[in-house]
Amino acid sequence: MSSSEFMNSQLTPELAKVRDQIKKYAEGYGLDCFETIFEMVDHEQINSLAALGGFPVRYPHWRFGMDYDQLSKGYAWGLQKIYEMVINTNPSYAYLMKSNNLVDQKTVISHVYGHVDFFKNNYWFSKTNRKMLDTMANHAVKIRDHMERYGQDRVENFIDQCLAIETLIDPHLPFLNPKRRESEDHPEASAEPGRIKTDRQYMDQYMNPPEFMAEQRKKLESQAQKSRKNPPEPQKDVLKFLLDYAPLEQWEHDVLSIVRDEAYYFAPQAQTKIMNEGWASYWHSKIMTEKALKDSEVIDFADHHAGTMAMQPGQINPYKVGVELFRDIEDRWNRGKFGKDYEQCDDMVAKAKWNTQASLGRQKIFEVRRVCNDVTFIDEYLTEEFVERFKLYTYSFNRRTNQYEIADRDFKKVKEKLLFQLTNRGQPFVYVTDGNFQNKGELLLWHKHQGLDLDTRWSRETMRALCDVWKRPINVETEVDGQKKLFNYQNGEFTEKFV
Amino acid sequence: MIDNIKRDHSRFRSIVKGKIKQDLKKYVTHGEMIGRKGKDLVSIPLPQIEIPRFRFGEREQGGVGQGDGKPGDPLAQGDPQPGEGEAGNQAGNHTLEVDLTLQELAEILGEQLELPKIEPRGHNTLKSKTDKYTGIASQGPSSLRHFKRTFRETLRRQISSGIYNPDKPVIIPIRRDMRYRSWKTDVRHENNAVIIYMMDVSGSMGDEQKEIVRTEAFWIDTWLRSQYKGIETRYIIHDATAREVDEDTFFKTRESGGTLISSAYKLCEKMIETDYPPSDWNIYPFHFSDGDNWSGEDTRLCLDILEKNLLRVCNVFCYGQVESRYGSGQFYKDLREHFGNQHQSVILSKIENKEGILQSIKDFLGKGK
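Small disclaimer: the values here were computed from a predicted structure and weren't measured. (Residues numbered from 1 in each chain as written. Chains lettered and ligands numbered in written order. Predicted model: local features only at pLDDT ≥ 70, side-chain atom pairs only at ≥ 80, totals over all residues.)

Enquirer: Provide a residue-level description of the overall build of chain B, including the pertinent values.
Expert: Across its full length, chain B holds ten helices and eleven strands. Out of the 369 residues in chain B, the part that is buried amounts to 30%. Considering only contacts in chain B between residues 6 or more positions apart, those separated by 24 or more positions represent 74%. (Helix = DSSP H or I, 4+ residues; strand = E, 2+ residues; numbered from the N terminus. Buried ≥ 20, exposed ≤ 12 C-beta atoms within 10 Å, placed from the backbone. Contact = placed C-beta atoms within 7 Å.)

Quick look at the structure:
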């Protein structure tokens, strides 16, 4: 995107000064950012950008219009307002709302530098495409071309189908070692494994007992069978499998791979929502209160800050939980509240007053922002004291009273629930296990059941979409009420049966 | 960017309205957003399109929240549904809403029921004048001064004459720079319409019947408003006597006693005579009743009024009979006997229950009159 797309989009001289100042502060604290380009936009532009996921050029699709509709209405009714957007590219682009007052702009600029540092240094972002601005624009051109050629409705319908399955990717895939995966695919084929060579015939039946050899042969056979199976192992990146093996026309292949690329690009943001917002909030608050804030601006800042940090009863605000967890970690490592001595101490008073002057806090939070994602962040650093202090609870639906009720305040339960919601972004684990099910070219997926059943209605609709891509019947292995079941979708009909 | 999103936006709205991609319609859910208008909370009940996904049964999932309360306490109103609770800049699973204007509602109604556009009776005698401040003039009252234009003129003059100093940008307009808004008068020919609602409020009309009338009246109103520029509505209630009331009273009154339908028709007749000369107005009387009239004699009187007077001046006369446990439904039969089913300007409709409303609206408005 060239900045000429925006009229008067540059920072005013005053704000440019502010930006330089804040950048210096941020670097002083050890933040390490990509170059960041700020653009000033009005509310309509920022709502559009937000609807488009931060990218000014995306392919045409109604869901962007849907998001825009909601954002612009929320703005018009004064219910929500976007202060800032920042995208993970190098250089990074950040959009500031023109109508923000100076204090807001200072806060927001500090916040942006927090995000950019996170994008650059967090491990889970390390494989993302930092030239996504161009890539998105190329995607748009490609899809527009296809629309002109094959008709908007046809192409958009296919996009709709692809979006229904865009979550069936494997965010960990970019981190696997490709060499290792290759070698596993081709187990060495030796004639008779395990046979010990011997010159003495009479010893053979002792050194290589026939039963053992038979067993070995069977093993080998089943392995060979397995290698004939496609995929050899359950594959979580269903989209990749479809790209490789579904009978797609060229344009369909393009669309699906575009949807997949974009899904992989956005995946780390979903994986690090709490951390990313927490980190940025930690730094805007730090920079503002320690450096950038003038006396006269304190009230405005406090107001804005309180607004973003507000915890509504019953809801979890990722900004708040994230920033408080970072502060908690910093405090614990500053006071040496970690390690064997601390964990094993039984004296609550001593634990509360614990202080070894370790002063490792700052160092520790930088380490956390480098290696963690939300799952490991919560798993490793959420403490019982924290859950108590912020009054976290789990809730569940009570069928008897037909309402949601507070279920539990137990630390373990809260943590478990939080982790469950964060793992795989709270979505079911679905793998492709067979691309030639029943030897009829049908697709077999497997839902790894972890205590919660699939919603049958939405499964049916998703399978309908899958069927449009695979062009053959779709099967899903799952469990319903503790019983193994097989969903089947073909010729517009959905059936389920016990297996 | 803005143009692109506008295109996506209008496409989304077309889908929601069911104009294109009908197969997505089953994914449209109706959320709402609570807004504030003055002191009042307003809800804009509106749709969202959900993209199907493999997901868990919604109610089974539960989640993590924050706040006071002990186990077993219900979550307060407005608490999260699973999937919500996002704050910040990245768009997630928001509840969605689309504002439908009444005009759009009418369009949808028209499409759904395949209502024809109404052919107004052609008297383009009504003129309306509107003044629009579209022009710019160099003379005018100072209350109409156009600051921006004046400023621009001044700036232009100062720059071209070399007075302007960017380091000390002082702009002083002189008389020649002043610009004022000026108006043009638009004359438009309009078709005006009046709807006269009459309702039987005798003892046999219960709340349910009134609810039906109210709903139907709303939709009729909406449709006719989409067809005419200036529309007036008048309300008459009657039992044994008739009187004109305001909208509020019309739907809320419950009286008792006997029923003389002719009383309403007489009042209607008088109303038209004094206020709505048929040469200038499209007139739509609607009468709702449970079909009980006091006597056969009064019914004859009603038919007489209709025949001799009302039918001559109205576009169409509509009678809707709301089924009630107490009514005999005789009036419908009498009307049908007299006018037959296919009368040009008398439309009869029976509304058995709420589900019957749509069909009834179609009966009334389907002829395009």
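Next comes the rest of the description.
Enquirer: Tell me what's going on with the interface of chain A and chain B, and back it up with residues and numbers.
Expert: Residue-level contacts link 70 residues of chain A with 54 residues of chain B. Across the side of chain A that touches chain B, the residue classes break down as 36 nonpolar, 18 polar and 16 charged. One ladder, built from four bridges, connects strand S4 (residues 392-398) of chain A with strand S3 (residues 63-66) of chain B; its direction is antiparallel. Each residue of the ladder has a partner; that of A:Leu392, found in S3(B), is B:Gln66. (Nonpolar A, V, L, I, M, F, W, Y, C, P; charged D, E, K, R; others polar. Pairing = 2+ DSSP bridges.)

Enquirer: Can you tell me about unusual backbone geometry, naming the residues and giving the values?
Expert: Backbone phi values are negative for most residues with the exception of glycine, while trans is the configuration of most peptide bonds. Residue and element names in this part refer to chain A. Across the junction of Asn-90 and Pro-91, the peptide omega takes the value 0 degrees, indicating a cis bond. In this structure, Pro-91 sits in the loop between strand S2 (84-87) and strand S3 (92-97). In the Ramachandran plot, Gln-357 falls in the positive-phi region, its phi being about 55 degrees despite a non-glycine side chain. Assignment of secondary structure puts Gln-357 in the loop between helix H16 (348-353) and helix H17 (361-371). Taking the C-beta count within 10 Å as the criterion, Gln-357 has 8 such neighbours and is therefore assigned exposed.

Enquirer: Tell me what's going on with the sheet that holds strand S1 (residues 36-41) of chain A, and back it up with residues and numbers.
Expert: Residues and elements named next belong to chain A. On the basis of which strands lie adjacent, the open sheet formed by three strands has the order S1-S3-S2 and mixed pairing. The open sheet has two edge strands with one neighbour each: S1 and S2. For this sheet the average axis-to-axis angle between neighbouring strands, irrespective of direction, equals 20 degrees. Inspection of the sheet shows S2 paired to S3 by four bridges, in the antiparallel sense. Paired with Met-85 across the bridge in S3 is Tyr-95. Packed onto the sheet, helix H2 (residues 43-51) meets S1, S2 and S3 and runs at close to 140 degrees relative to S3. (Axes fitted to C-alpha atoms, helices over the stretch in contact; angles between N-to-C directions.)

Enquirer: Would you mind going over the nonpolar core in detail, with residue names and values included?
Expert: Membership of the largest hydrophobic core comes to 76 residues, with the highest contact counts inside it found for A:Ile46, A:Met85, A:Ala94, A:Tyr95, A:Tyr113 and A:Trp283. It is helix H12 (residues 273-292) of chain A that contributes the most residues to this core, nine residues altogether. When residues are assigned to domains, this core turns out to be shared by domain 1 (3-122) and domain 2 (310-422) of chain A, each giving three or more. Leaving out residues up to four positions away in the same chain, A:Trp283 has contacts with A:Ala26, A:Leu31, A:Ser110, A:Tyr113 and A:Gly114. Counting 53 residues, the second largest nonpolar core, distinct from the first, contains B:Ala242, B:Cys314, B:Tyr319 and B:Ile357. (Core = buried A, V, L, I, M, F, W, Y, C linked by C-beta atoms within 7 Å. Domains from an automatic or database assignment.)

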